[in-house]
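# Survey of secondary and tertiary structure
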Amino acid sequence: MSDQLDGFKEVPSRHSPTGQCPQWCVECMHEPVQDGALWHRGPATTIPVYGGTPRQLPLTIRAGYMDKLPKDWESEPTDLENPYVTLDVPDEGRMFTLTPAAAYQMAAALTGAADAANAAHLAATQRT
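Presented here is an overview of the structure given in this document. (Residues numbered from 1 in each chain as written. Predicted model: local features only at pLDDT ≥ 70, side-chain atom pairs only at ≥ 80, totals over all residues. Heavy atoms only, no water.)

### Topic: the overall build of the chain
What counts is decided by this rule: Think of it this way: any DSSP run of H or I at least four residues long counts as a helix, any run of E at least two long counts as a strand, and we number them from the N terminus. Burial status follows relative accessibility: with a 1.4 Å probe on protein chains alone, a residue under 20% of its type maximum counts as buried, one over 50% as exposed, and anything between as partly exposed. Any two residues having at least one pair of non-hydrogen atoms within 4.5 Å are treated as being in contact. Shrake-Rupley sampling with a 1.4 Å probe provides the accessible areas, and residues are treated as covered by the protein chains on show and by no other component.
In terms of helices and strands, the chain carries one helix and eight strands. Counting helices and strands in the order they occur from the N terminus, the chain gives β-β-β-β-β-β-β-β-α. Per-residue burial for the chain yields a buried fraction of 24% across its 128 residues. A separation threshold of at least 6 residues defines the contact pool for the chain, and within that pool the share at least 24 residues apart is 32%. Summed over all atoms, the accessible surface of the chain reaches about 8,900 Å², with 57% contributed by carbon and sulfur.

### A few points about the nonpolar core
We count it as follows: The set of buried Ala, Val, Leu, Ile, Met, Phe, Trp, Tyr and Cys residues whose side-chain atoms join them within 4.5 Å is what this entry labels a nonpolar core.
In this structure, Leu57, Leu59, Leu87, Val89 and Leu98 together form the largest nonpolar core, which totals five residues. Looking at this core, the elements with two or more residues in it are β6 (56-67) and β7 (84-89). For valine 89, the contacting residues outside a window of four places in its chain are Leu57, Pro58, Leu59 and Arg94.

### Quick notes on the packing of aromatic side chains
Heads up, the rule is: Think of it this way: a Phe, Tyr or Trp ring, Trp meaning its six-membered ring, pairs with another when their centres are within 6.5 Å, and the plane angle makes it stacked under 30 degrees, edge-to-face over 60, tilted otherwise. Both a distance and an angle decide whether a charge sits over a ring: NZ of Lys or CZ of Arg must be within 6 Å of the ring centre and within 35 degrees of the ring normal.
A full pass over the atoms with the stated rule returns zero aromatic pairs. A cation sits over an aromatic face here: arginine 41 above tryptophan 39, 4.7 Å from the ring centre.

### Regarding the pattern of salt bridges
As a reminder, the rule being used: Basic side-chain nitrogens of Lys or Arg form a salt bridge, by our definition, when they fall within 4 Å of a carboxyl oxygen of Asp or Glu.
For the coordinates displayed, the defined rule picks out two salt bridges. In this structure, the salt-bridge partner of arginine 62 is glutamate 27, at a minimum N-O distance of 2.7 Å. Of this pair, arginine 62 sits in strand β6 while glutamate 27 sits in strand β3 (residues 27-30); the two residues are 35 residues apart in sequence, bridging distant segments of the chain. Just as arginine 62 is buried, glutamate 27 falls in that class too.

### Quick look at the side chain of threonine 60
Operational definition: Whenever a nitrogen or oxygen atom comes within 3.5 Å of another N or O atom, the pair is scored as a polar contact, on the condition that within protein one atom can donate a hydrogen and the other can accept it, and that pairs from neighbouring residues in sequence are kept only if both atoms are in side chains.
Its location among the elements puts threonine 60 in strand β6. Among the polar contacts made by the side chain of threonine 60, one reaches the side chain of threonine 46 at a distance of 3.2 Å.

### Points about the environment of threonine 99
Among the structural elements, threonine 99 can be located in the loop between β8 (94-98) and α1 (100-125). Separated by 20 residues in the primary sequence, threonine 99 and aspartate 79 place their C-alpha atoms 6.3 Å from one another. In terms of polar contacts, threonine 99 uses its side chain to reach the backbone amide nitrogen of alanine 102, at 3.0 Å.

### Examining the pairing of β7
In regular strands, side chains alternate between the two faces of the sheet. Short version of the rule: A strand pair is defined by DSSP finding two or more bridges across the two strands.
For β7, a buried count of five out of six residues is recorded, marking the element as mostly surrounded by other parts of the structure. The sheet contact formed by β6 and β7 spans five bridges and is antiparallel. Its bridge partner lying in β7, isoleucine 61 is registered against leucine 87. The pairing of β7 with β8 spans five bridges and is antiparallel. Across the sheet, the residue bridging to valine 85 is leucine 98, located in β8. In this antiparallel pair of consecutive strands, β7 and β8, the connection spans four residues, and glycine 93 shows a positive phi of 65°.

So this is what it looks like as structure tokens:
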């Protein structure tokens, strides 16, 4: 892992009570200001998707958390001050942030839609 990523540098966490990253953190980046927040990022899963054209685009899903200093708490909506899930389509310049509850709802909705699409495909291909 490089020591520079988009203006952030990796440093050990100084903000959490234990002084450590969350167990799921694989990237810890420090804001480029003294005593800035630490941005914890979980492992990335990348899935090819279509963005309205026949060209596939990468969709990256990962957990995240901005570990702020106490003086900066309550500077954003509560949902964004807790761990969250991101869906990032960098080729389209789009990123969506979901609460864990919303991510579970999306996972259930995607599973239901995938089951329906798969059943339709099986029914269409089993006709003789």
